[in-house]
Structure formats: structure tokens, C-alpha cells
Amino acid sequence: MVDLNELQKRIYKNKVEKKFNLTNIPQEFCYLHGEVTESFDAWLKKKGTEAVSLELADVAIFTLGIAEMLGIDLEAALLKKIEINEKRVYIDGKKVENI
Ligand SMILES: [Mg+2]
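Note that the structure is predicted; figures quoted are calculated from it, not measured. By convention here, each chain's residues receive numbers from 1 onward along its written sequence. Local features in this predicted model are restricted to residues whose pLDDT is 70 or higher, and side-chain atom pairs enter the listing and the counts only when it is 80 or higher, whereas totals over whole chains, interfaces and linings include all residues.

### A short note on unusual backbone geometry
The condition that has to hold: Per the convention used, a helix needs a DSSP run of H or I reaching at least four residues, while a strand needs a run of E reaching at least two, with both numbered from the N terminus. Put simply, a residue is buried when 20 or more other C-beta atoms lie within 10 Å of its own C-beta and exposed when 12 or fewer do; between those, it is partly exposed, and each C-beta is set from the backbone.
A positive phi angle, close to 50°, is found at Lys-46, a residue other than glycine. Its location among the elements puts Lys-46 in the loop between α2 (25–44) and α3 (49–69). A positive phi angle, close to 50°, is found at Asp-92, a residue other than glycine. If you trace the backbone, Asp-92 turns up in the loop between β1 (89–91) and β2 (94–97). Accessibility expressed as a C-beta count within 10 Å gives 5 for Asp-92, which makes it exposed.

### What about the packing of helix α1 (residues 4–17) against α3?
The condition that has to hold: The angle between two axes is taken between their N-to-C directions and runs from 0 to 180 degrees, where each axis is a line fitted to C-alpha atoms and a helix contributes only its stretch in contact. Between 65 and 115 degrees an angle is taken as roughly perpendicular, under 35 as roughly parallel, over 145 as roughly antiparallel, and anywhere else as oblique. By the convention adopted here, residues are in contact when the distance between their C-beta atoms, placed from the backbone, does not exceed 7 Å. Put simply, Ala, Val, Leu, Ile, Met, Phe, Trp, Tyr, Cys and Pro go in the nonpolar bin, Asp, Glu, Lys and Arg in the charged bin, and everything else, Gly too, in the polar bin.
Packing of α1 against α3 brings their axes to within 8 Å, and their N-to-C directions diverge by 85°. Put simply, α1 runs roughly perpendicular to α3. Contact residues: Leu-7, Gln-8, Lys-9, Ile-11, Tyr-12 and Lys-15 in α1; Ile-61, Leu-64, Gly-65, Ala-67 and Glu-68 in α3. Grouping the constituent residues of the contact of α1 with α3 by class yields six nonpolar, two polar and three charged.

### Concerning the packing of α2 against α3
Working note: a packed helix pair is described by the angle between its axes plus the distance between those axes. To keep it simple, the criterion reads: Should the near helix be turned anticlockwise from the far one by less than a right angle, the crossing is termed left-handed; should it be turned clockwise, right-handed.
For the pair α2 and α3, interaxial distance at closest approach is 8 Å and the crossing angle is 165°. Relative to α3, the element α2 lies roughly antiparallel. In the packing of α2 onto α3, the handedness of the crossing is left-handed. Here Ile-25, Glu-28, Phe-29, Tyr-31, Leu-32, Glu-35, Val-36, Glu-38, Ser-39, Ala-42 and Trp-43 of α2 come into contact with α3, specifically with Ala-51, Val-52, Glu-55, Leu-56, Asp-58, Val-59, Phe-62, Thr-63, Gly-65, Ile-66 and Met-69.

### Observations regarding α3
Put simply, the test is: Here the expected span of a helix is defined as 1.5 Å times the quantity of residues minus one.
The first and last C-alpha atoms of α3 sit 30 Å apart over 21 residues, in line with the 30 Å expected at 1.5 Å per residue. Within α3, burial applies to Glu-55, Phe-62, Thr-63, Leu-64, Gly-65, Ala-67 and Glu-68. Considering only its buried residues, α3 is in contact with α1, α2 and α4 (74–87). Following α3 by one or two positions, Gly-71 adopts a phi angle in the positive range, close to 70°.

### Observations regarding α4
Helix length check: α4, at 14 residues, gives a terminal C-alpha distance of 20 Å against a target of 20 Å (1.5 Å per residue), a fit within 8%. Within α4, only zero of the 14 residues are buried, which leaves the element largely exposed.

### Brief notes about the environment of Leu-7
Residue position: Leu-7 is located in helix α1. Each C-alpha atom of the pair Leu-7 and Leu-79 lies 16 Å from the other, and the pair is 72 residues apart in sequence. Setting aside residues no more than four positions away along its own chain, Leu-7 makes contact with Val-2 and Leu-64.

Structure follows, in C-alpha cells:
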């Protein structure tokens, strides 16, 4: 089982050790956006599962890194949001009830 909190701390530690950006949040969101684009591009150009999976991993790495920079427990947020989504009611693809 993956411990997201541990991964979040490990990703941040790597950023510290490599002297990567630790404070410029807008820059990190731009990089995250870039990784989403790279993922889509890898999929669109049929670069293969390995390429797509590594780009999606970059998306997760940047997301977890931003969460740590902002002091967010992403594991707790994920569990909360998944529960919210599971309770949402849709009819013909349209939301009819919000929790
Ligand atoms: Mg990438």
C-alpha cells in the first residue's frame, strides 16, 4: 500500500536536496499544467504505456509537491473528495444533488 503522506514528504525532500523551487506556487502550477500536457501528448501520439505512465507520474509528483508546499494533507483531501464524488447523484450524466 502506498503511503501518500510519505511520498509527499519524499518528493519535497528531493526538491530541497536538488535546490528546486520551494516557494513559487504559480511556477509549480505552470509545471503541473505542463506535465498534464505532456501526458496527453504521449497518449495522443501513441508513445506507449510506459511513456504515458511516466508522464502521469510527473503529474502526481508535481501535485504532491504543491500539496506539501501548501501544507495540505493530500491523502486526507483525496479520501474526502472521493467520498463526496461517490455520494453525488447523477441522472443521464447530469448532477441532481450536491453533498
Ligand atoms: Mg514530464
